[in-house]
Amino acid sequence: MAFHDVCWEEELQGQFSLLSATSLEVQEESESREHTRECSETGILNLSDEVLVLIFRQLDPTSLLRVGGACQTLFRVSSCNSLWTRHFQTSFGVHFVTGTCSATAKDSFRLMFMWKTLYRNLHCNRSLQDKLFAEVPFPPHQYWTQWLVLEERVPLPSVRLPALDIESLWGIPKQILDSRVEEEDDLLKFEWKELYTIARGHHGSKAKIFEFVLTQQQSNDHGELETMYHQYTQCRFQWLFSYWLFRQPPPFNRQLRAIFLHWRRHQKRKVATWGETLCDVRYLASLHPITDDFWRGTLARGDETVGIQSVENYFSMCKSLVAWVLGRDWGRLKRRKVYEDTLAGVYLLLRRELQEGPVNHQRFWHLAKVQMGRVCTLEETAVNYVNWRMIEKLPYYKLFMVSGNPVYLSHVQSYLRRKRLVHDWIHQDQNTWVRSLLPDHLYTLLEYDNKILQDSLHGDDMLAQLSRVVWLFLNSGQQLYLEAVKGLVLQCAYAALAFYNSLRPGFEEAGTARPQEQLS
């Protein structure tokens, strides 16, 4: 099994080298680190502004803002117009001219970024919808209409405003609008896209429209915009997931619900409120590992747009997988088991890749076919469904799912043979008296179809001791542990026998005691 990322290995080797180093080496290493720390504390602030600007050019906008919060010097340098002009061009596709726009590049980028982010996710942002659609069929409040001037496509009815308001908001002179036939009450009617085209023709370019809007917005209070953006950053994953899950067109909505819940263990009471106000959306997100990770913001480095695309591609793969499994001549239990283990294997392989960026449908489906083959191989190795369910928690099971190495199949087969060996020993005729005296919880532990849970391995009671020894034998195969299992079982049986004898004198003479020659 190979891992492409070996950074963690290098880090561990560095830690291990310190453990084996002499005291002199450790002291020299400590002095070297102290010298480096002292240099780093004073070095960066001694650099010139020009050098700092060159360094800050390598940062993204978020990192640049964080650097500016360190101290006054870094705040001053990180607010340089040349840095934010480049980010403005990259993010919005227009050049920012510092000489003609009265606002700084940093403030302009900040306002534009907040607005563009909110408007791009208008479909799932109920707060912004309330602001933009509050006065339909009339345009929204002047502050929000001014931001909409930047957009070519606006999902609102036609604009009905006086010529003076249009001139103030779009910057289109009244002379250009004179040819337009006025409606009643001196209102002009325009489509939003039509006004955008006229404004772009008048100003000369898209960059000039940006400049005009930012100049108009400079004197306005942006507290409401900032509040809405902060709310969006806190709830964006929940909003986008809820919209994707409940706001699909009717045919696709039914298909998505069927695929989302297909062969997934869930509480019918919570699923009954699907899409309603009282629906427990967080519970629905927890049904799948990928939706749970998206809800917590760990997909695609926290990019909600890329993350939801990966979620869509994942469930597109689930739809194809369900169709393939249902087409097989398998029983109900095997179909469900193959589906569940295949999805678990796919996500086990792609989890790290999903945390870094998008994964398309072809990539999901290719790995699903590989995992289905490995699951079927494990099912053949287990021979029957009881064995299959028993080995699903073994580390060898997941290791084979990840690597496909046949060595792990032999470990699974050895585990089952050892399980059978313990089962056959306790069911020998000469151990009938042992079975009759063992407590139920200890006897069940020795049964073939019993699973040893991780929680049962901890503690000082007899159940924990026997569980540990059985677990060691099943996973190592050493005969020493099998003898320890037999010794603990006989010890428990003798303790129970002594207890019964103390309660009922003559119990042994009645014939219930086991002959001494059968104790070996």
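Residues numbered from 1 in each chain as written. Predicted model: local features only at pLDDT ≥ 70, side-chain atom pairs only at ≥ 80, totals over all residues. Heavy atoms only, no water.

A. Representation of the overall build of the chain in the model. In terms of regular secondary structure, the chain is built from 29 helices and two strands. Contacts spanning at least 24 positions in sequence make up 60% of the contacts within the chain whose residues lie at least 6 apart. Of the roughly 29100 Å² that the chain leaves accessible, carbon and sulfur atoms contribute 53%. (Helix = DSSP H or I, 4+ residues; strand = E, 2+ residues; numbered from the N terminus. Contact = heavy atoms within 4.5 Å. Areas by Shrake-Rupley, 256 points an atom, 1.4 Å probe, with all protein chains shown as cover.)

B. Spotlight on the nonpolar core. Ranked by size, the top nonpolar core spans 145 residues in total, and within it Trp147, Trp170, Phe260, Leu284 and Met317 carry the most contacts. Looking at this core element by element, the count peaks at ten residues for helix 14 (residues 223-246). (Core = buried A, V, L, I, M, F, W, Y, C linked by side-chain atoms within 4.5 Å. Buried < 20%, exposed > 50% of the residue type's maximum accessible area, 1.4 Å probe, protein only.)

C. The packing of helix 20 (residues 332-356) against helix 23 (residues 395-403), seen in detail. Close contact between helix 20 and helix 23 brings their axes to 9 Å; oriented N to C, the two are set at 65 degrees. One element, helix 20, and the other, helix 23, form an angle in the roughly perpendicular class. The interaxial crossing formed by helix 20 with helix 23 has right-handed handedness. Contacts from Lys337, Asp341, Gly345, Leu348 and Leu349 in helix 20 reach Tyr397, Lys398, Met401 and Val402 in helix 23. Looking at the contact of helix 20 with helix 23 residue by residue, the classes come out as five nonpolar, one polar and three charged. (Axes fitted to C-alpha atoms, helices over the stretch in contact; angles between N-to-C directions. Parallel < 35°, antiparallel > 145°, perpendicular 65-115°, else oblique. Left-handed = near helix turned anticlockwise from the far one by under 90°. Nonpolar A, V, L, I, M, F, W, Y, C, P; charged D, E, K, R; others polar.)

D. How the structure looks around helix 23. If you check which residues of helix 23 are buried, you get Tyr396, Tyr397, Phe400 and Met401. Down the axis of helix 23, the buried set is contained in an arc of 140 degrees. They therefore lie on one face. On its buried face, helix 23 sits against helix 20, helix 21 (361-382), helix 22 (385-391), helix 24 (407-426) and helix 27 (462-476). Gly404 sits one or two positions beyond helix 23 and adopts a positive phi of about 75 degrees. (Arc of directions from axis to C-beta.)

E. Spatial organisation of the packing of aromatic side chains. Enumeration according to the criterion identifies 29 aromatic pairs in this entry. Judged by centre distance (5.1 Å) and plane angle (50 degrees), the ring pair of Phe88 and Phe96 falls under tilted. Assessed through its relative accessible area of 5%, Phe96 is described here as buried. Seen from their ring centres, Trp170 and Trp192 are 5.7 Å apart, and the 50 degrees between their planes marks the pair as tilted. Here Trp170 is found in helix 10 (residues 163-170), whereas its partner Trp192 is found in helix 12 (residues 192-203), with 22 residues between them in sequence. For Trp170, a relative accessible area of 1% puts it in the buried group. In textbook terms, an aromatic cluster arises when at least three aromatic residues are bridged by ring pairs, as seen for Phe241, Trp244, Phe246, Phe260, Trp274, Trp295, Tyr314, Phe315, Tyr347 and Phe364. Positioned above the aromatic ring of Trp388, the side-chain terminus of Lys337 is 5.8 Å from the ring centre. Here Arg420 stacks its cationic end above the ring of Tyr448, 3.9 Å away from the centre of that ring. (Phe/Tyr/Trp six-rings, centres within 6.5 Å; stacked < 30°, edge-to-face > 60°. Lys NZ or Arg CZ within 6 Å of the ring centre and 35° of its normal.)

F. Structural context of the pattern of salt bridges. Applying the stated rule across the entire model yields 20 salt bridges. Where Asp341 meets Lys337, a salt bridge forms, and the shortest distance between an N and an O atom there is 3.3 Å. Here Asp341 pairs with Lys337, and both are found in helix 20, just four residues apart, close to one helical turn. Comparing Asp341 with Lys337, the two get one shared label, buried. Connected through shared salt-bridge partners, Arg282, Asp292, Asp293, Arg296 and Arg351 make up one network. (Salt bridge = Lys/Arg side-chain N within 4 Å of Asp/Glu carboxyl O.)

G. Highlighting the side chain of Glu151. Here Glu151 lies in the loop between helix 9 (142-148) and strand 1 (159-161). Polar side-chain contacts of Glu151 include one of 3.0 Å to the side chain of Trp115. Setting aside residues no more than four positions away along its own chain, Glu151 makes contact with Trp115, Lys116, Tyr119 and Tyr196. (Polar contact = N/O pair within 3.5 Å; in protein donor to acceptor, adjacent residues only side chain to side chain.)

H. View of unusual backbone geometry. Look at the link from Val136 to Pro137: it is a cis peptide, with omega at 15 degrees. Secondary-structure assignment places Pro137 in the loop between helix 8 (126-132) and helix 9. Located in the positive-phi region is Arg301, a residue other than glycine, with phi close to 55 degrees. As for its position among the elements, Arg301 is in the loop between helix 18 (289-295) and helix 19 (304-326). At Val383, a position not held by glycine, the phi torsion is positive, near 75 degrees. Within the secondary structure, Val383 is located in the loop between helix 21 and helix 22.

I. Helix 21, seen in detail. In this model, helix 21 (22 residues) spans 31 Å end to end at C-alpha, consistent with the 32 Å of a helix rising 1.5 Å per residue. The N-cap of helix 21, judged by a side-chain oxygen 3.4 Å from the amide nitrogen of Gln362 a few residues on, is Asn360. The positive-phi residue at the C-terminal boundary of helix 21 is Val383, with phi of around 75 degrees. (Expected span 1.5 Å × (residues − 1).)

J. Broad picture of a nonpolar patch on the surface. A cluster of nonpolar residues, Ile44, Leu45, Leu47, Val51 and Ile55, forms a patch on the protein surface that exposes about 370 Å² of accessible area. Position of Val51 relative to the elements: it lies in helix 3 (residues 49-56). A residue is classified by how much of its surface remains accessible, and Val51, at 35% relative accessible area, is partly exposed. (Patch = residues over 30% accessible without salt bridge, like charges linked within 9 Å, V, L, I, M, F, W, Y side chains within 5 Å.)

K. Structural context of the confidence of the model for the chain. Within the chain, residue pLDDT values average 84, and 86% of them lie at 70 or more. Considering only residues more than four positions removed or in separate chains, one finds that residues 1-26, a stretch of pLDDT under 50, has eight contacts. Here residues 507-520 is modelled with pLDDT under 50, and outside its nearest four sequence neighbours on either side it reaches 15 contacts, counting other chains as well. (pLDDT = per-residue confidence, 0-100.)

L. Main features of the side chain of Glu340. Of note, Glu340 is situated in helix 20. The buried category is assigned to Glu340, whose relative accessible area is 16%. Once residues lying within four places of it in the same chain are set aside, the contact partners of Glu340 are Trp263 and Arg265.

M. Representation of the environment of Glu167 within the structure. Residue placement: Glu167 occurs in helix 10. Separated by 32 residues in sequence, Glu167 and Ala199 place their C-alpha atoms 9.7 Å apart. Contacts of Glu167, omitting those with residues within four sequence positions, involve Ile172, Pro173 and Lys174.

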